[in-house]
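Tertiary structure, described
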Amino acid sequence: MVFLGLSPRIKAFLTVDYLAWQGRWSEVVSAAKTNPRNTFVACAVAQASYHTGTLTIQLPYLPSPPDLLLFSDKQQAHWKRSDLYFDLGYLNMALHHLTEAMEFYGERPLLLQRLALVNLALTNISTAKVYLGTLTRAPFQGRWADIIGPPGKRTRG
């Protein structure tokens with residue numbers, strides 16, 4: 001039997017990360033209220049504010065201005081930086097940080113999804129096929145990989 005106890009701050013961080021990945025921006029802002037001083041949460045709130053059109057009204061609290069773009073050298077920042085750069089349209093930077101996150105975290109389905117999307121956006125179709133092929137074998141990800149797969153070809157036989 002496994003017991004998993006999360007503090008409200010960690011739970012808020014994980015919820016914000018999940019909602020941001022799903023693009024549920026209005027929910028990100030409300031979920032972030034439990035942990036507003038976390039740099040990653042504040043960055044997600046800034047992204048959410050941009051997507052909901054409220055960024056010019058009020059910036060989220062950040063300890064320092066460089067935290068808005070997650071300029072710290074922390075390894076765990078790569079995952080979040082990749083989402084931020086993808087959102088800003090800096091696809092090569094997003095790809096760089098996703099590759100670094102893969103080195104740090106290993107082949108996680110969400111990282112593979114992000115890598116497939118970035119490679120498709122960069123028209124690296126053959127590389128995207130590799131990630132999509134891996135995702136077809138991951139539980140709960142096969143259907144997504146089939147839907148997202150390059151036009152005209154399915155990743156499964």
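**Observations concerning the pattern of salt bridges**
Evaluated as defined, the whole model comprises three salt bridges. The closest approach of N and O atoms between K80 and D17, which form a salt bridge, is 3.0 Å. With K80 in helix α4 (residues 77-88) and D17 in helix α1 (residues 8-22), this pair connects stretches of sequence that are 63 residues apart. The exposure classification of K80 matches that of D17, with both residues buried. R24 is the partner of E27 in a salt bridge, and the nearest nitrogen-oxygen pair spans 2.8 Å. Its relative accessible area of 33% is what places E27 among the partly exposed residues. R24 sits in the partly exposed class, given a relative accessible area of 33%.

**Regarding the packing of α4 against helix α5 (residues 91-105)**
Two elements in contact, α4 and α5, have axes separated by 8 Å at closest approach and are oriented at 160°. Looking at the two axes, α4 sits roughly antiparallel to α5. Between α4 and α5 lies a crossing whose hand is left-handed. Only L91, M93, A94, H97, L98, E100, A101 and Y105 of α5 make contact with α4, whose side of the interface consists of H78, W79, R81, S82, Y85 and F86. The residue inventory of the contact of α4 with α5, partitioned by class, reads nine nonpolar, three polar and two charged.

**Regarding a nonpolar patch on the surface**
Side chains of L88, Y90 and M93 sit close together on the surface and give an oily, nonpolar patch of about 310 Å² of accessible area. As for its position among the elements, Y90 is in the loop between α4 and α5.

**Re the environment of S126**
Mapped onto the fold, S126 is located in helix α7 (residues 125-136). The sequence separation of S126 and A116 amounts to 10 residues, and the corresponding C-alpha distance is 10.0 Å.

**Overview of the confidence of the model for the protein**
A residue-level look at the protein finds 87% of positions with pLDDT of 70 or above and a mean pLDDT of 80. Mean pLDDT in the protein bottoms out at helix α8 (residues 142-148), which sits at 75, and peaks at helix α6 (residues 109-121), which reaches 91.

**Quick look at the packing of aromatic side chains**
Tallied over the full model, the rule gives three aromatic pairs. Judged by centre distance (4.8 Å) and plane angle (90°), the ring pair of F104 and Y105 falls under edge-to-face. Under the relative-accessibility criterion, Y105 is labelled partly exposed at 24%. In this structure, R114 packs its charged tip against the face of W21, placed 4.1 Å from the ring centre.

**Describing the environment of L111**
Residue position: L111 is located in helix α6. Through-space distance from the C-alpha of L111 to that of W79 is 7.9 Å; in sequence the pair is 32 residues apart. In contact with L111, not counting residues within four places along its chain, are W79, L98, A101, M102, Y105 and G106.

**Some points on the layout of surface pockets**
Looking at the largest pocket, its volume works out to about 260 Å³. Contributing to the lining of the largest pocket are 14 residues, with A20, W21, D83, F86 and R114 lying nearest its centre. For the lining of the largest pocket, the secondary structure elements donating two or more residues are α1, α4 and α6. Among the elements that take part in the lining of the largest pocket, α4 stands out by supplying five residues, more than any other. Looking at the lining of the largest pocket, its residues break down into seven nonpolar, three polar and four charged.

Conventions and cut-offs
- Residues numbered from 1 in each chain as written.
- Predicted model: local features only at pLDDT ≥ 70, side-chain atom pairs only at ≥ 80, totals over all residues.
- Heavy atoms only, no water.
- Salt bridge = Lys/Arg side-chain N within 4 Å of Asp/Glu carboxyl O.
- Helix = DSSP H or I, 4+ residues; strand = E, 2+ residues; numbered from the N terminus.
- Buried < 20%, exposed > 50% of the residue type's maximum accessible area, 1.4 Å probe, protein only.
- Axes fitted to C-alpha atoms, helices over the stretch in contact; angles between N-to-C directions.
- Parallel < 35°, antiparallel > 145°, perpendicular 65-115°, else oblique.
- Left-handed = near helix turned anticlockwise from the far one by under 90°.
- Contact = heavy atoms within 4.5 Å.
- Nonpolar A, V, L, I, M, F, W, Y, C, P; charged D, E, K, R; others polar.
- Patch = residues over 30% accessible without salt bridge, like charges linked within 9 Å, V, L, I, M, F, W, Y side chains within 5 Å.
- Areas by Shrake-Rupley, 256 points an atom, 1.4 Å probe, with all protein chains shown as cover.
- pLDDT = per-residue confidence, 0-100.
- Phe/Tyr/Trp six-rings, centres within 6.5 Å; stacked < 30°, edge-to-face > 60°.
- Lys NZ or Arg CZ within 6 Å of the ring centre and 35° of its normal.
- 1 Å grid on protein atoms, 1.4 Å probe; cavity = no way out; pocket = protein on both sides within 12 Å on 5 of 7 lines; lining within 4 Å.
- Points joined across faces, edges and corners; volume = space filled by probe spheres on them.

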